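Here are the chains, one letter per residue:
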Amino acid sequence: MATETDNDTETGRDREFDLARHVLGQLGLRAVQDDDGEHHLDLDLAPVHLDDEGHLDFGVLGVFLDMASSQPPEMRGVGPWLHADMTIHRLRAPRGDRLRTAPRMARMGRRTGIVEIEVHDDTGVHVARSVQEVAFPQGARTTPTHDDAGARERFRRVFDGQCRLDGPLPQVLEVGRGPDEDGRPGWSMPLSEIARNGFGALHGGSATTLVDAAAAGAVGEQTGHGARTLNAAVRYLAAGAKGPFRAEPQVVGFDGRVATVAVSVRDLGADGRLIILADAVVVAGDGTGTAGA
């Protein structure tokens, strides 16, 4: 399975995971303390986060939501955890300068948990929604762990709100088209340092960039129009440990300008192992009516 970290990320104890070099440290996340003393991570928006129509890049949203799943109080100190699946709905284009999540634990069990997340900007626009299942391979811890205040502070200092991406996220992650195999279109990306998780495998949020590129790219090529992913259900089946990764989209149906696309992602360095299955809903054209922008 793909994951962002083992949730010791918040205390800085995640296999010496260098957040400053990771997409999480370069995206522009900001650690903010609430009036009640609780901390959360906002995203300060930069032009590189948005497409030409002002919508939040789907992969940027995926990385932000992936990180937000660790924020509910119930997730603190649970021990190693993985993403099992992530559903993302991109609702409206932001109008403000900052995004904030409102995550809550819908269910917390010994082996799995369900996190529900709403994303709004600082003007109140409802930008996105997500429901995610997280899994605890060793079982969630039931006893408190040592709270290292110094490590928490070092962790938070990484998130200063400064976007350090050198370009749009698909470009930074080296997502590219092709080549086709046996007549099937494909998109690929390597396993780079910026896209690894705390276990050294493909970061679950970064993987949404590849899913989006394949789904929207397939619809765009089939219709001859620009296309934008509205939502996706991403299921993480196995760790993407080797790379490069190849995403193969299949347009399975159209309803007007809206298409449903099945995307399979394989780890070519691991004998083509299937690591992700995703279903994406994509709109051809500008999609302003469908997306509610």
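Everything that follows concerns the structure shown earlier in this document.
Residues numbered from 1 in each chain as written. Predicted model: local features only at pLDDT ≥ 70, side-chain atom pairs only at ≥ 80, totals over all residues. Heavy atoms only, no water.

### Some points on the overall build of the chain
Part 1 of the reasoning: Across its full length, the chain carries 6 helices and 12 strands.
Part 2 of the reasoning: Residues classed as buried in the chain amount to 53% of the 293 residues present.
Part 3 of the reasoning: Long-range contacts, defined as pairs at least 24 residues apart, comprise 70% of the intrachain contacts of the chain with a sequence gap of at least 6. (Helix = DSSP H or I, 4+ residues; strand = E, 2+ residues; numbered from the N terminus. Buried < 20%, exposed > 50% of the residue type's maximum accessible area, 1.4 Å probe, protein only. Contact = heavy atoms within 4.5 Å.)

### What about helix α5 (residues 204-223)?
Part 1 of the reasoning: Here α5 is 20 residues long and its end C-alpha atoms lie 29 Å apart, about the 28 Å a rise of 1.5 Å per residue gives.
Part 2 of the reasoning: Taken from the residues just after α5, G224 is the one with a positive phi, measuring 80°. (Expected span 1.5 Å × (residues − 1).)

### Describing the packing of helix α2 (residues 58-68) against α5
Part 1 of the reasoning: It is the contact of α2 with α5, at a shortest axis distance of 7 Å, that shows an interaxial angle of 160°. It follows that α2 is roughly antiparallel to α5 by the angle criterion. Considering only the axes of α2 and α5, their crossing is right-handed. Here F58, G59, G62, V63 and D66 of α2 come into contact with α5, specifically with G204, G205, S206, T208, T209 and D212.
Part 2 of the reasoning: Each residue belonging to the contact of α2 with α5 can be placed in one class, and the counts come to 2 nonpolar, 7 polar and 2 charged. (Axes fitted to C-alpha atoms, helices over the stretch in contact; angles between N-to-C directions. Parallel < 35°, antiparallel > 145°, perpendicular 65-115°, else oblique. Left-handed = near helix turned anticlockwise from the far one by under 90°. Nonpolar A, V, L, I, M, F, W, Y, C, P; charged D, E, K, R; others polar.)

### Focus: the pattern of salt bridges
Part 1 of the reasoning: The full count for this structure, using the stated rule, is 17 salt bridges.
Part 2 of the reasoning: Where R104 meets E116, a salt bridge forms, and the shortest distance between an N and an O atom there is 2.6 Å. With R104 in strand β4 (residues 98-108) and E116 in strand β5 (residues 112-121), this pair connects stretches of sequence that are 12 residues apart.
Part 3 of the reasoning: In this structure, R129 and E118 form a salt bridge, with 2.4 Å as the shortest nitrogen-oxygen distance. (Salt bridge = Lys/Arg side-chain N within 4 Å of Asp/Glu carboxyl O.)

### Section: the environment of A233
Part 1 of the reasoning: Within the secondary structure, A233 sits in strand β9 (residues 227-236).
Part 2 of the reasoning: Once the C-alpha coordinates of A233 and D85 are considered, the two residues, 148 residues apart in sequence, prove to be 7.3 Å apart.
Part 3 of the reasoning: Contacts of A233, omitting those with residues within four sequence positions, involve M86, T87, L277, A278 and D279.

### Some points on the pairing of strand β12 (residues 273-284)
Part 1 of the reasoning: Pairing of β9 with β12, which is carried by 9 bridges, proceeds in the antiparallel orientation. The residue bridging A232 from the neighbouring strand is A280, located in β12.
Part 2 of the reasoning: By the bridge criterion, 10 bridges tie strand β11 (residues 258-267) to β12 in an arrangement that is antiparallel. The residue of β12 that forms the bridge with V258 is V283.
Part 3 of the reasoning: With antiparallel pairing between neighbouring strands as the criterion, β11 and β12 make up a hairpin whose turn holds 5 residues, including D271 at a positive phi of roughly 60°. (Pairing = 2+ DSSP bridges.)

### Remarks on the side chain of Q132
Part 1 of the reasoning: Topologically, Q132 is positioned in strand β6 (residues 126-135).
Part 2 of the reasoning: A polar atom in the side chain of Q132 sits 3.0 Å from the backbone oxygen of L65.
Part 3 of the reasoning: Only 2.5 Å separates the side chain of Q132 from the side chain of H83, close enough to count as a polar contact. (Polar contact = N/O pair within 3.5 Å; in protein donor to acceptor, adjacent residues only side chain to side chain.)

### Observations regarding the environment of W187
Part 1 of the reasoning: The residue W187 is located in strand β8 (residues 187-189) in this model.
Part 2 of the reasoning: Assessed through its relative accessible area of 7%, W187 is described here as buried.
Part 3 of the reasoning: When the C-alpha atoms of W187 and P249 are compared, they prove to be 8.5 Å apart, with 62 residues separating the residues in sequence.

### Some points on unusual backbone geometry
Part 1 of the reasoning: A cis amide bond, omega 0°, links G178 with the succeeding residue P179.
Part 2 of the reasoning: By the secondary structure assignment, P179 is in the loop between β7 (176-177) and β8.
Part 3 of the reasoning: For the peptide bond that leads from G243 to P244, omega is -5°, which places it in the cis range.
Part 4 of the reasoning: Along the polypeptide, P244 turns up in the loop between β9 and β10 (245-255).
Part 5 of the reasoning: Backbone geometry places E174, a non-glycine residue, at a positive phi of 60°.
Part 6 of the reasoning: Here E174 is to be found in the loop between α4 (169-172) and β7.

Without other data, these values stay purely geometric and don't point to any function.
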